[in-house]
Structures are given as C-alpha cells and as structure tokens.
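# Fold and geometry: a report
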Amino acid sequence: MTSLNELTLLCPPPAEAPAVDWDAVENNLDMRLPRDYMDFAAIYGPGAFCEYIRIYHPLGATRWVDITGPMPTTIRNQLQQALDQGAAIPHNPQRLFAIGVTDNGEHLFWITDPQEAPDTWRIVVNEARGSRWYTFDGTLTEFLIAVLTGRTDVPMFPRDLLHQGVSFSPSPQRIGMAETAPRQPAAIDTAAVRRWARDHGHNLPERGRIPGPIIEAWKQAHGR
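The sections below set out a description of the structure shown in this document. (Residues numbered from 1 in each chain as written. Predicted model: local features only at pLDDT ≥ 70, side-chain atom pairs only at ≥ 80, totals over all residues. Heavy atoms only, no water.)

## What about the overall build of the protein chain?
For the protein chain, the count of helices and strands is seven helices and seven strands. Shown N-terminal to C-terminal, the secondary structure of the protein chain runs as helices and strands in the order α-α-α-β-β-α-β-β-β-β-α-β-α-α. Across the 224 residues in the protein chain, those meeting the buried criterion constitute 45%. The contacts in the protein chain between residues at least 6 apart in sequence include a share of 54% that link residues at least 24 apart. Element-wise, carbon and sulfur atoms account for 48% of the exposed surface of the protein chain, whose accessible area totals about 11800 Å². (Helix = DSSP H or I, 4+ residues; strand = E, 2+ residues; numbered from the N terminus. Buried < 20%, exposed > 50% of the residue type's maximum accessible area, 1.4 Å probe, protein only. Contact = heavy atoms within 4.5 Å. Areas by Shrake-Rupley, 256 points an atom, 1.4 Å probe, with all protein chains shown as cover.)

In structure tokens, the structure reads:
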C-alpha cells in the first residue's frame, strides 16, 4: 500500500478535485516536484486537514496558499534575512521551499536537497513565534499520515488537533472555475488573528473589535 492510499483510507478526499496542469506548474516554479505531492494534490485539491494544516496547491483559493504564488519566495527571503542577523536556523534557507501553513502560523517546508531527487525530500516545520524546528524524515504524505494518526507529535501543533477526528475541508474554487455550493463561513479564532496581526506588525490590543481589513488579510493568508 502506498502512503497516498493509506492517507485516503484514513481521511477520504473530496468526490472531485480540479485538474492541474503539472507541466505548467513545474515550468512556473523552474523545478521538479515530488511525485507524492502531485498525486496528493490531484486527488484532494486545495483545502485543510482538521481545519488546521493547509497544504499549498496550484489552485489555492488565494495567491497566499498557491504553491506558485509569492509565499515560498517571501518566506525563504525572511529566513535568509533572519539567518544573516544571527538567528539559529538549522537548514539553509535557500534549500527550503514552503509548502503549507497552519492556522497558528507555522510553516511546512520541503528540504530540497538533493535538488535533482525531489522524491527524497524531507519535511520540516518551524515554530510560528519561537525558534523551534521539527524535522520529519519522510515525504509529505508520510508526514500527514504520521500526524493524523497521532504516531508523530509535532511539538508546535496543538495537543487537541485530533480531538474532533480527522477531516479534510476543501477550499472554495477560484473565480472562473466551476461554481460550488455555498458553504457556511467557518468560525474565526480571534486569538489566532490577534497573534498573526501582531507578528505582522499590526498594533492590536488583546481585547476589542478587530478591524475588518486585518481579518480579511488573515483570511487571505490562510486561504479562508
């Protein structure tokens, strides 16, 4: 049984997922992608596991969760700047490619080494508001299985991640694609919004109304 088969048994994918032109995606990124990621993205489409772990997808609901969008380069540049300023980063930022984000602001990366062998790339997670890093010696689908079965405990992830069971929630499709039935808006974790806003330079108090533009920026950053 492949890791993707195990993942689909653990957490069934949507009935349909939008088609992806992988040649165009790889040409856009100017790099080859791991086969397990392409197979995963083709079956699941854009969305989030347990309303928390969101994997970047070529058809992500916004450019902020699009694997061909600005975030992988932006995050790599931020890490390089932090390293140049003396931060303890255990991996070469130029070998890190962001492939996902959590609702708490942790990022998931491929360690793209060796570059010519993407199917051997490992997974690493950084702490949203701290210096901890977690490295997983396996592929993306193997990482998801390990986390969603509870076999792997990522220190930065919430202890109650699996308390409501394992689920996958598809993201709305892009404008211009086939329309989907409207969904009820998901509840917003205002504490997470406040943490994200302060981490991104917004002077936001602990209590009181959160301005609409900040909520919208948070939604875009997390594919909501």
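## Let's talk about the pairing of strand β3 (residues 96-102)
Buried residues dominate β3, accounting for seven of its seven residues. In the sheet, strand β2 (residues 53-55) pairs with β3 via three bridges, with the strands oriented antiparallel. For I55, the partnering residue across the bridge sits in β3 and is G100. Relative to strand β4 (residues 107-111), β3 runs antiparallel, the two being bridged by five bridges. Looking at the pairing, V101 lines up with H107 of β4. Counted between consecutive antiparallel strands, the loop separating β3 from β4 contains four residues, among which G105 sits at a positive phi close to 100 degrees. (Pairing = 2+ DSSP bridges.)

## A few points about the pattern of salt bridges
Any two side chains of opposite charge can pair if their charged atoms end up close together. This model, assessed by the stated rule, comprises four salt bridges. The salt bridge involving R35 is made with D39; its shortest N-O contact spans 3.5 Å. Here D39 and R35 lie together in helix α3 (residues 35-44), a separation of four residues that amounts to about one turn. With a closest N to O distance of 2.8 Å, D153 and R159 form a salt bridge. Of the residues examined, D153 reaches a relative accessible area of 47% and is grouped as partly exposed. (Salt bridge = Lys/Arg side-chain N within 4 Å of Asp/Glu carboxyl O.)

## Side note on the environment of L144
Structurally, L144 can be placed in helix α5 (residues 140-148). Residue classification places L144 among the buried positions, given a relative accessible area of 0%. L144 sits 137 residues away from L7 along the chain, and the two C-alpha atoms are 7.6 Å apart. Residue contacts for L144: discarding those within four places in its chain leaves L7, F40, F49, I53 and I55.

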